[in-house]
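Summary of structural features
Residue-level listing of the chains:
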Amino acid sequence: MSNLDNLTSKIINDAKEKAAEIEQKAKETAEEKYKSGMKKAEEKKERILETGKRERELLSERMKSGANLKARNDKLKAKQDAIDKVILRLKEKLVNMSEREYLDYISKNIDVSSFNQNKKLIVKKEYVNKVKERFPNIKVEENEFVNSGFIIEENGIQENYTFEVKLDFMRDELEVEISKLLFS
């Protein structure tokens, strides 16, 4: 029986050793998987942090760019408002010019010799009689008027010399010149 006991004892000891070996391998495999999982998690964490940092920098740049663009647009709007005010004051000044200035303006801008029976001059209502006196050979319209400047009409075709039209026509050039004077 002692042989049987020895044999049984040897089998049990071998089984215990095998179980301990399997248990050790399982622990090592679990430890490797744990370390591998932690390494992957750490790498993922670093990628997420790096992506977040890039996105934060990008968002910051966009915000700065947006603020700079808004500031530039506000500055341009303020400049345009100032230019518009100057042009409006110029229009007001031209519309409200004195009688002498108005008559001088007409004298400098019409060719009296080109007027005939078909050609008539349309002027400001308050200066109709003064224009007739100054230009007796020109037919002056008595039922149609302008707010500023004058209009020459021949056979239904009008040449518009009103200040509003002239200023609108010259607006781009005026804006450049006003901008130079105000902002240079």
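What counts and what doesn't
Residues numbered from 1 in each chain as written. Predicted model: local features only at pLDDT ≥ 70, side-chain atom pairs only at ≥ 80, totals over all residues. Heavy atoms only, no water. Patch = residues over 30% accessible without salt bridge, like charges linked within 9 Å, V, L, I, M, F, W, Y side chains within 5 Å. Areas by Shrake-Rupley, 256 points an atom, 1.4 Å probe, with all protein chains shown as cover. Salt bridge = Lys/Arg side-chain N within 4 Å of Asp/Glu carboxyl O. Helix = DSSP H or I, 4+ residues; strand = E, 2+ residues; numbered from the N terminus. Domains from an automatic or database assignment. Buried area = accessible area lost by both parts, 1.4 Å probe. Polar contact = N/O pair within 3.5 Å; in protein donor to acceptor, adjacent residues only side chain to side chain. Nonpolar A, V, L, I, M, F, W, Y, C, P; charged D, E, K, R; others polar. Buried < 20%, exposed > 50% of the residue type's maximum accessible area, 1.4 Å probe, protein only. Pairing = 2+ DSSP bridges. Right-handed = clockwise from strand over helix to strand, strands pointing away.

**Topic: a nonpolar patch on the surface**
A contiguous nonpolar surface patch, about 370 Å² in accessible area, is contributed by Val-86, Leu-181, Leu-182 and Phe-183. Relative to the assigned elements, Leu-181 resides in helix H5 (residues 171-183).

**Description of the domain arrangement of the chain**
Along its sequence, the chain is organised into domain 1 (1-96) and domain 2 (97-183). Between domain 1 and domain 2, the C-alpha centre-to-centre distance is 73 Å. Carbon and sulfur atoms make up 72% of the surface buried where domain 1 meets domain 2, a total of about 1,300 Å² over both sides. Counting the surface domain 1 buries against domain 2, the share from its top three residues, Ile-87, Leu-94 and Val-95, is 40%. The tally of links between domain 1 and domain 2 comes to two salt bridges. Summed over the shared surface of domain 1 and domain 2, the number is five residue pairs in polar contact (both at pLDDT 80 or more). Partitioned by chemical class, the residues of the side of domain 1 that touches domain 2 number seven nonpolar, two polar and four charged.

**Some remarks on the pairing of strand S1 (residues 119-122)**
Across the two faces of S1 the burial is the same, with Lys-119 and Leu-121 and Lys-120 and Ile-122 all buried. Relative to strand S3 (residues 151-154), S1 runs antiparallel, the two sharing four bridges. Considered in S3, the bridge of Lys-119 is made with Glu-154. In this fold, the crossover linking S1 to strand S2 (residues 139-140) by way of helix H3 (residues 128-134) has right-handed handedness.

**Description of the pattern of salt bridges**
Oppositely charged side chains may form a pair once their charged atoms are brought near each other. In the structure shown here, the tally under the stated rule is 17 salt bridges. With a closest N to O distance of 3.6 Å, Lys-10 and Asp-14 form a salt bridge. With Lys-10 and Asp-14 both in helix H1 (residues 2-95) and four residues apart, the pair spans about one turn of that helix. By relative accessible area, Asp-14 is classed as partly exposed at 37%. Close ionic contact of Asp-168 with Lys-91 constitutes a salt bridge, the shortest N to O distance being 3.6 Å. Linking Asp-168 in helix H4 (residues 163-169) with Lys-91 in helix H1, this pair joins segments that are 77 residues apart in sequence. Residue class for Asp-168 comes out partly exposed when judged on its relative accessible area of 49%.

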